[in-house]
Amino acid sequence: MLEIKLKIAEKIVEKLKTINADVALEAADVASMLEYPPDSKMGDLALPCFKMSRTLRMAPVKIAATIAEDFDSPCVARAEALNGYFNIFLDGQALCAKVVGEVKKKGEKYGAPDFGEGKTVVLDYSSPNVAKPFHIGHLGTTVIGHSLKKLHEFAGYKCVGINYLGDWGTQFGKLIVAYRSWGNKELIEEGGIDKLVELYVKFHEEAEKNPELNDMARAEFKKLEEKDEENIALWQWFVEISLAEYKKTYAQLGIEFDSYKGESFYTDKMPAQVEKLREMGLMKIDDGASIVDLEEYGMPPCLILKRDGSTLYPTRDIAAAVYRKQTYDFDKAIYVTSAGQSLHFAQWFKVVELMGYDWYDKLVHVPYGTVSINGEKLATRTGNVILLRDLFALAIEKISGIMNEKNPNLENKEKIAEEIGVGAVVFYYLSNNRIRDINFIMDDALNFDGNTGPYVQYTYARTCSVLSKAEDFGGCDTLKVTAPEEAELAKVLARFEENVRDAIDTYEPSVITRYILDVAGAYNRFYHNCTILGAEDAEVKSTRLALTAATKTVLGNAFGLICLAKTEKV
Ligand code: ARG
């Protein structure tokens, strides 16, 4: 559609020049002013002429009328002026031919912008805290982060996905004490991360009664910092066990990271940055702690060192950013966390700027809202939190039940139930604007008839099924468009790249989920109203198959952007 818009815009600029030869508008400007009218009776595209009215010294109604006079452009069937709008109706036949041809030619690249070519993006996401539960709060950072990675890759960026594991801090002192007091090797080997979390919880319970435990924990962490062999070995083991568990969840989502350099990795990289802050006179001592005063910028101070000289969360983030800039020379560094951390990021981004790092403006924080869960209570052995693993397991179990009723003889049932169950959770989550708080309702997420993951995955499987039944279909050169649903579908397919651009510009995967729903809706209307395999006219049939093939490609490409599996049979 971008190309069509540009062609139309070129024609419009020609017309505007007849009104005023000095008109400074470029075709690209006009193209970006073209809107999609809410009601297709008003046209497929429209140019509001109100803003130009002042510069052109002409009433909007007259501008629209001037443009509309003898207007013609490829893919345009007719155009008219109405109430200050210039309304454009596209030619269904020409549009279908163009879209089908392009999708076929570009395949997996269809819809991909190329503005990321030659550039690098580093994405910091998921980043759970070792030995603490990987819970539903991490769903956002994990799937939004991964979608943003996929979107950027699609646009040509080289992407580095970093899991900044919370693998350092006083919690390890606690865990070591708890392990030695109440745990043993076999227990952890069998129980994995759940046992670690249990030990951690027990530590807190016991420390309430016996505060001395806290001193012991501090001492053990100190030993760890001093590289005590035994403690280091335990710590490494705890990290491995946790990571093995996270990787199961990542595998269900099809996520792989390029780096697992967690917080511990930056321990020896902080002193240089602290020194730089000191030399530049940016640090102040406040009640014994070292801070960077940010009052001037309307923020509370950024804490760099505690009274005892130990480093803090921002200190580590600053050191990590410097390291990543040196290592990857990024053009953009994206951090995906809950909105609760927005101030933290604003503060240390500012400190990086004050330190004179000229790449400070390449740091982007992408926040998201909270998740709560309604309805069914999920049983976890770890208190009130709901583990991501259990949420996925419940979704998979429910989908299995539905599938056993719907299609009991399906091959590969387990794998498909997993793809649809996990997909349902992801799609439901990503359907919302990321910053909004979400109330998760499992039955809504799993409904095959709603605006859900199962519904769109089912639609994808439908395109596969239609195409598999038309084995002799080898593509279609001349299209014969006969039904309005065909043109409507082509119009939606044509808008893919614009949506991809929008999703990247706004760091908003929900643009893609909404777009997928538009495609699925248009395809299902087409499917129900147009006979495909049974069409009598051979050209009509091949046109419909070609549109089905194009839909399959577009849905598949879009699924790839939001961690949704391309399930061929449901
Ligand atoms: N581990 C942190 C948490 O769970 C998130 C880390 C986010 N990334 C960062 N560079 N600060 O809250």
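These numbers come from a predicted model, not from an experiment.

Scoring rules and cut-offs
Residues numbered from 1 in each chain as written. Predicted model: local features only at pLDDT ≥ 70, side-chain atom pairs only at ≥ 80, totals over all residues. Heavy atoms only, no water. Salt bridge = Lys/Arg side-chain N within 4 Å of Asp/Glu carboxyl O. Helix = DSSP H or I, 4+ residues; strand = E, 2+ residues; numbered from the N terminus. Buried < 20%, exposed > 50% of the residue type's maximum accessible area, 1.4 Å probe, protein only. Contact = heavy atoms within 4.5 Å. Near = heavy atom within 4 Å. Polar contact = N/O pair within 3.5 Å; in protein donor to acceptor, adjacent residues only side chain to side chain. Areas by Shrake-Rupley, 256 points an atom, 1.4 Å probe, with all protein chains shown as cover. Expected span 1.5 Å × (residues − 1).

J.: Run through the pattern of salt bridges, naming residues and quoting values.
T.: Think of it this way: side chains of opposite charge can pair up when their charged atoms draw near. For the structure on display, the rule yields 35 salt bridges. Note that lysine 106 is salt-bridged to glutamate 102, the shortest N-O span being 3.9 Å. Of this pair, lysine 106 and glutamate 102 both sit in helix α5 (residues 92-106), 4 residues apart, which is roughly one turn of the helix. Between glutamate 220 and arginine 180 there is a salt bridge, with its nearest N and O atoms 3.3 Å apart. Note that glutamate 220 is positioned in helix α9 (residues 212-225) and arginine 180 in helix α7 (residues 170-182), a separation of 40 residues in sequence. The class of arginine 180 is partly exposed, set by a relative accessible area of 39%.

J.: Tell me about the side chain of arginine 324, residues and numbers included.
T.: For arginine 324, the location among the structural elements is in helix α12 (residues 313-328). The exposure class assigned to arginine 324 is buried, which follows from its relative accessible area of 2%. Apart from residues lying up to four places away in sequence, arginine 324 is in contact with Val122, Asp124, Ile162, Tyr164, Tyr266, Asp329, Phe330 and Tyr335.

J.: Can you lay out the site of the ligand for me, pointing to particular residues and giving the numbers?
T.: Around the ligand sit Asp124, Ser127, Asn129, His138, Tyr164, Tyr313, Asp317, Tyr335, Thr337, Gln341 and Phe345, and those are all the residues in its vicinity. A distance of 2.9 Å separates a nitrogen atom of the ligand from a polar atom in the side chain of aspartate 124. In this structure, a nitrogen atom belonging to the ligand sits 2.9 Å away from a main-chain N or O atom of serine 127. Relative to its unbound accessible surface of 350 Å², the ligand loses 87% to contact with the protein.

J.: Outline the side chain of threonine 513, supporting the account with residue identities and numerical values.
T.: Note on placement: threonine 513 falls in helix α20 (residues 510-529). Residue classification places threonine 513 among the buried positions, given a relative accessible area of 1%. Once residues lying within four places of it in the same chain are set aside, the contact partners of threonine 513 are Phe427, Leu430, Ser431 and Ile562.

J.: Which residues make up helix α17 (residues 453-469), and what are the values?
T.: The terminal C-alpha atoms of α17, which comprises 17 residues, lie 24 Å apart, in line with the 24 Å expected from a rise of 1.5 Å per residue. Counted residue by residue, α17 has 13 buried out of 17 residues, so it is predominantly covered.

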